[in-house]
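Below, each chain spelled out in residue letters.
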Amino acid sequence: MLRLFFYIFSLKILDVAYECLSDICNDIIIKNEYRTTKKRELFVKIIVLGNQAAFPKAGRHHVSFIVSDDEGTNLLLEMGPGTCSRFQEYVPLSSITAVLISHAHADHLLDLFTFAYGVYMYNYLQRGKYRPQVYLPSHGIRVVEAIAKDLNVEKYIESLSLAPVAEEFNIRKLTVKTQRTNHFIPTVAIRIEDVQGKSVTYTSDTGFTEELVDFAKNTDLLIAEATLRKDDESPQLKHLSGRLAGMLAKKSAAKRLLLAHLWYEYDESEILDEAKQVFDGEIEIAQEGKIYTI
Ligand SMILES: [Zn+2]
Ligand SMILES: [Zn+2]
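Residues numbered from 1 in each chain as written. Chains lettered and ligands numbered in written order. Predicted model: local features only at pLDDT ≥ 70, side-chain atom pairs only at ≥ 80, totals over all residues.

With that out of the way, let us pick up the sheet that holds strand 6 (residues 161-164). If you walk across this open sheet you meet the seven strands as 6-5-4-3-2-1-14, and the pairing is mixed. Of all strands in the sheet, those bounded by a partner on one side alone are strand 6 and strand 14 (291-293). Each adjacent strand pair in this sheet contributes to an overall mean axis angle of 25°, direction not counted. Bridge analysis of strand 5 (residues 133-136) against strand 6 gives four bridges, and the strand direction is parallel. When the bridges of strand 6 are listed, Gln133 appears paired with Ser161. In this fold helix 5 (residues 138-150) packs onto strand 5 and strand 6, with an angle of close to 145° to the strand it touches most, strand 6. (Pairing = 2+ DSSP bridges. Helix = DSSP H or I, 4+ residues; strand = E, 2+ residues; numbered from the N terminus. Axes fitted to C-alpha atoms, helices over the stretch in contact; angles between N-to-C directions. Contact = placed C-beta atoms within 7 Å.)

Written out as structure tokens, the structure reads:
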């Protein structure tokens with residue numbers, strides 16, 4: 001009788017132990033799922049490849065960025081001279097999902113021909129069918145096609161899928177929004193949002209406009225051009241100063257401001273100070289090689 005009691009009692013202990021163990025396991029699984037979900041939804045990073053305007057300082061690079069998520073999407077923003085060499089320090093050629101070019105000025109465009117040659121040769125040597133999308137304003141497509149014709153490199157450009165930018169479109173899980181800026185040729189500012197609505201907004205080249213304030217509203221990371229000093233400001237120049245970049249960040253309630261498209265002769269700390277006098281949020285020069293997250 002006593003033996004039977006101990007037998008039943010030990011079975012009960014095993015039962016309780018099993019329940020406790022499965023509760024702990026479930027807890028771990030739920031926590032892991034939560035962690036994985038959190039990581040997937042929050043992880044968008046921006047790598048600064050270059051922060052210079054039309055003519056770069058020695059050892060520095062034209063304005064260009066990689067925006068990537070943890071599902072392997074890599075968007076390359078801008079294609080100034082030297083960009084192809086720069087982006088390969090971080091990601092290989094065939095992992096570029098799409099290229100976005102804001103306008104057809106040389107400092108934003110010229111390495112597209114190098115890129116096209118790279119894609120053409122990659123497919124030729126690997127017998128692959130890699131054909132990345134390249135988005136740019138319609139005007140930019142006409143410029144690219146005209147240059148390709150004059151240089152007799154049309155077959156390389158045909159390795160790319162050129163498409164005019166729409167106001168809003170999706171690239172995998174990222175949403176891309178664009179808006180015309182006030183510049184010398186058709187140019188777009190670019191806003192990229194993840195599934196949670198977290199965003200990075202890049203002004204490209206532009207004069208100050210209220211439309212740009214609305215476009216950048218509440219953005220998590222504003223990358224603003226700051227080509228000019230305060231004393232240079234003029235409606236004819238159609239560029240921002242550090243002060244105007246600061247005003248844009250303040251009026252749009254941006255959470256963080258990076259200054260880019262910097263003029264090679266100017267002292268960057270002066271441009272930064274001019275921006276700081278207007279915007280009291282988090283602010284710095286977009287540092288080449290630095291990785292930012294939103
Ligand atoms: Zn430019
Ligand atoms: Zn420009």
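Here we take up the packing of helix 8 (residues 242-251) against helix 9 (residues 268-276). Between helix 8 and helix 9, the shortest axis-to-axis distance is 7 Å and the interhelical angle comes to 35°. As for the relative orientation of helix 8 and helix 9, their crossing is right-handed in sense. For the pair helix 8 and helix 9, contact is made by Gly242, Arg243, Ala245 and Gly246 and by Ile271, Leu272, Glu274, Ala275 and Lys276, respectively. For the contact of helix 8 with helix 9, the class distribution of residues is four nonpolar, two polar and three charged. (Left-handed = near helix turned anticlockwise from the far one by under 90°. Nonpolar A, V, L, I, M, F, W, Y, C, P; charged D, E, K, R; others polar.)

A few words on unusual backbone geometry. Although it is not a glycine, Arg127 adopts a positive phi angle of roughly 50°. Structurally, the position occupied by Arg127 is in the loop between helix 4 (111-126) and strand 5. Despite not being glycine, Lys238 has its phi angle at roughly 50°, a positive value. By the element assignment, Lys238 lies in the loop between strand 11 (221-225) and helix 8. What makes Lys238 partly exposed here is the crowd of 17 C-beta atoms within 10 Å. (Buried ≥ 20, exposed ≤ 12 C-beta atoms within 10 Å, placed from the backbone.)

Across the 10 residues that make up helix 8, a large majority, seven, are buried. Within the span of helix 8, buried status applies to Gly242, Arg243, Leu244, Ala245, Gly246, Leu248 and Ala249. Buried residues belonging to helix 8 abut helix 7 (210-215), strand 11, strand 12 (256-260) and helix 9.

Let us now look at the confidence of the model for the chain. Per-residue pLDDT for the chain has a mean of 90; in total, 86% of the residues score no lower than 70. Taken together, the stretch residues 4-9 has pLDDT below 50 and engages in zero contacts with residues farther than four places along the chain or on a different chain. With pLDDT under 50 throughout, residues 16-40 is counted as low confidence; its partners more than four residues away or in other chains account for two contacts. (pLDDT = per-residue confidence, 0-100.)

To continue, consider helix 9. Along helix 9, the positions that sit buried rather than exposed are Ile271, Leu272, Glu274 and Ala275. Across the axial projection of helix 9, the buried residues extend over an arc of 160°, all falling on one side. Opposite the buried face of helix 9, by more than 90 degrees, sit the exposed residues Ser269 and Glu270. On its buried face, helix 9 sits against helix 8, strand 12 and strand 13 (282-285). (Arc of directions from axis to C-beta.)

Spatial ordering of the open sheet is given by 7-8-9-10-11-12-13, a layout of seven strands whose pairing is mixed. Because the sheet does not close on itself, it has two edges, and the strands there are strand 7 (168-171) and strand 13. For this sheet the average axis-to-axis angle between neighbouring strands, irrespective of direction, equals 20°. Lying on the sheet, helix 8 is in contact with strand 11 and strand 12; it crosses strand 11 at an angle near 155°.

Let's shift gears to the pairing of strand 13. Direction of pairing for strand 12 relative to strand 13: parallel, over a ladder of four bridges. Within strand 13, the position partnered with Leu259 by the bridge is Ile285. Remark: the strand 12/helix 9/strand 13 crossover connection has right-handed handedness. (Right-handed = clockwise from strand over helix to strand, strands pointing away.)

Ala224, Ala245, Leu257, Leu259 and Ala275 are the most contacted members of the largest nonpolar core, which has 71 residues in total. Residue contributions to this core peak at five residues, all from strand 1 (residues 44-50). Once residues within four sequence positions are removed from consideration, Ala224 is found in contact with Thr203, Leu240, Ala245, Leu248, Ala249, Leu257 and Leu259. (Core = buried A, V, L, I, M, F, W, Y, C linked by C-beta atoms within 7 Å.)

Tracing the backbone through its elements, the reader meets Thr227 in the loop between strand 11 and helix 8. Given 26 C-beta atoms within a 10 Å radius, Thr227 is considered buried. With 35 residues separating them along the chain, Thr227 and Leu262 place their C-alpha atoms 4.7 Å apart. With sequence-adjacent residues up to four places away left out, Thr227 is seen in contact with Ala53, His239, Leu240, His261, Leu262 and Trp263.

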